[in-house]
Amino acid sequence: MDGFGKRLGEILSSEQFIFNAPMSEHTTFKIGGAADVLIFPSSAEEVAQIFRLAREFKIPCTILGNGSNVLVLDNGIRGAVLKFSDKFFGNFRAEGTKIFAGAGAKLKDVCSFAAENNLSGMEFACGIPGSIGGAVYMNAGAYDGEMKNVVANVTAVSETGELKIFSGDELNLGYRQSVFQTNGFAICEVELNLSRGNFDEIKNKMADFTQKRESKQPLELPSAGSTFKRPKGYFAGTLIDNTGLKGLRVGGAMVSEKHAGFVVNVGGATAADVLALIEEVKRRVYEVHGVTLMPEVRIIGE
């Protein structure tokens, strides 16, 4: 890792990489062991250089957005983690009815910017605690909206350092899925295609969604958002609630008493606690309802 670190220092500033970085400080779950090296790229060109360097040194790379939909395992992540943060990769701009946003831009900031420019279409995402890159990666959605409806193009970099622009048709956006979950590309910039709207109407819609979210979701405790995908014909939270599992706990991990679809960190939770709780919830829900729940949270590391 020494040679890799030395070469990293030639292309990045010293504040753009940290060795032995505890991932509990870089995820919304506040859980996870250390990454060998955590890197904050600031441009597509830097991403390409990092990928090429990693290939040269045979170092695996993991891509992370805001860290809001992931559970990092207790022994951390080997190799390099590229974190697309709003500080280094969060620029955005409007051109007519389009917004171009760096992968690290926070969804809530892009939504506010859209509103300020009288652009409608992103209201559904105003309370999703992720980055725009992560939202495309997972095809994030809420309140009958999803990224699929607004993404025009995505600029991404391959593992070999090649730049490619994906059109909306090439993104394979479905329920919590995209082409980026299998093709190894890192999302760098997202082009959103919005429509002209009325500022007050947009702000009122966002305020309504925010109020609904705050009243129903356990936003006061660390979590990774919705823990389970929605099973066909059901709602995961309702199934878990009807099984009587609110408040069920393993170590520091608990099924939220406010919204059963969330596993929260009530203090000192380990990834092992979360995984054990997820398995117990799955087992009991299947026992009572005959429905198999699948985790929505992305599990990474070792």
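Residues numbered from 1 in each chain as written. Predicted model: local features only at pLDDT ≥ 70, side-chain atom pairs only at ≥ 80, totals over all residues. Heavy atoms only, no water.

Q: Would you mind going over the nonpolar core with me for this structure?
A: The biggest cluster of nonpolar side chains holds 59 residues, and the ones touching the most others in it are Ile39, Met122, Ile132, Met147, Phe180 and Leu192. Those residues in contact with Met122, other than ones at most four positions away along the chain, are Leu107, Val110, Cys111, Ile132, Met147, Val150, Leu192 and Leu194. Counting residues in each nonpolar core, the second largest holds 25 residues, with Phe228, Leu277, Leu293 and Val297 among its members. (Core = buried A, V, L, I, M, F, W, Y, C linked by side-chain atoms within 4.5 Å. Buried < 20%, exposed > 50% of the residue type's maximum accessible area, 1.4 Å probe, protein only. Contact = heavy atoms within 4.5 Å.)

Q: What is the right way to read the packing of aromatic side chains from this model?
A: Given two aromatic rings, one states the distance between the centres and the angle between the planes to describe the pair. Going through the model one piece at a time under the given rule, you end up with eight aromatic pairs. A ring pair is formed by Phe166 and Phe185, whose centres lie 5.0 Å apart and whose planes are at 90°; its orientation type is edge-to-face. You can see Phe166 sitting in strand 12 (residues 163-167) and its partner Phe185 sitting in the loop between helix 6 (180-183) and strand 13 (186-193), a full 19 residues away along the chain. The burial state of Phe166 is the same as that of Phe185; both residues are buried. (Phe/Tyr/Trp six-rings, centres within 6.5 Å; stacked < 30°, edge-to-face > 60°. Helix = DSSP H or I, 4+ residues; strand = E, 2+ residues; numbered from the N terminus.)

Q: What am I meant to see in the sheet that holds strand 2 (residues 34-39) here?
A: Read across the sheet, four strands follow the order 1-2-5-3 without closing on themselves; strand pairing throughout is mixed. Two strands in the sheet have a free side with no partner beyond their single neighbour: strand 1 (17-22) and strand 3 (61-64). Along the sheet, successive strands turn relative to each other by an average axial angle of 30°, direction set aside. As paired strands, strand 2 and strand 5 (residues 77-83) are joined by four bridges and run parallel to one another. Paired with Ala35 across the two strands is Ile77, which belongs to strand 5. (Pairing = 2+ DSSP bridges. Axes fitted to C-alpha atoms, helices over the stretch in contact; angles between N-to-C directions.)

Q: Would you explain the packing of helix 4 (residues 107-116) against helix 7 (residues 199-216) in this entry?
A: The description of two helices packed together rests on the angle between their axes and the distance between the axes. Viewed as axis vectors pointing N to C, helix 4 and helix 7 meet at an angle of 155°, and their least axial separation amounts to 9 Å. Between helix 4 and helix 7, the angle is such that the two are roughly antiparallel. Contact with helix 4, carried on its side by Cys111, Ser112, Ala115 and Glu116, involves Phe199, Ile202, Lys203 and Met206 of helix 7 and no other residues of that element. Partitioned by chemical class, the residues of the contact of helix 4 with helix 7 number five nonpolar, one polar and two charged. (Parallel < 35°, antiparallel > 145°, perpendicular 65-115°, else oblique. Nonpolar A, V, L, I, M, F, W, Y, C, P; charged D, E, K, R; others polar.)

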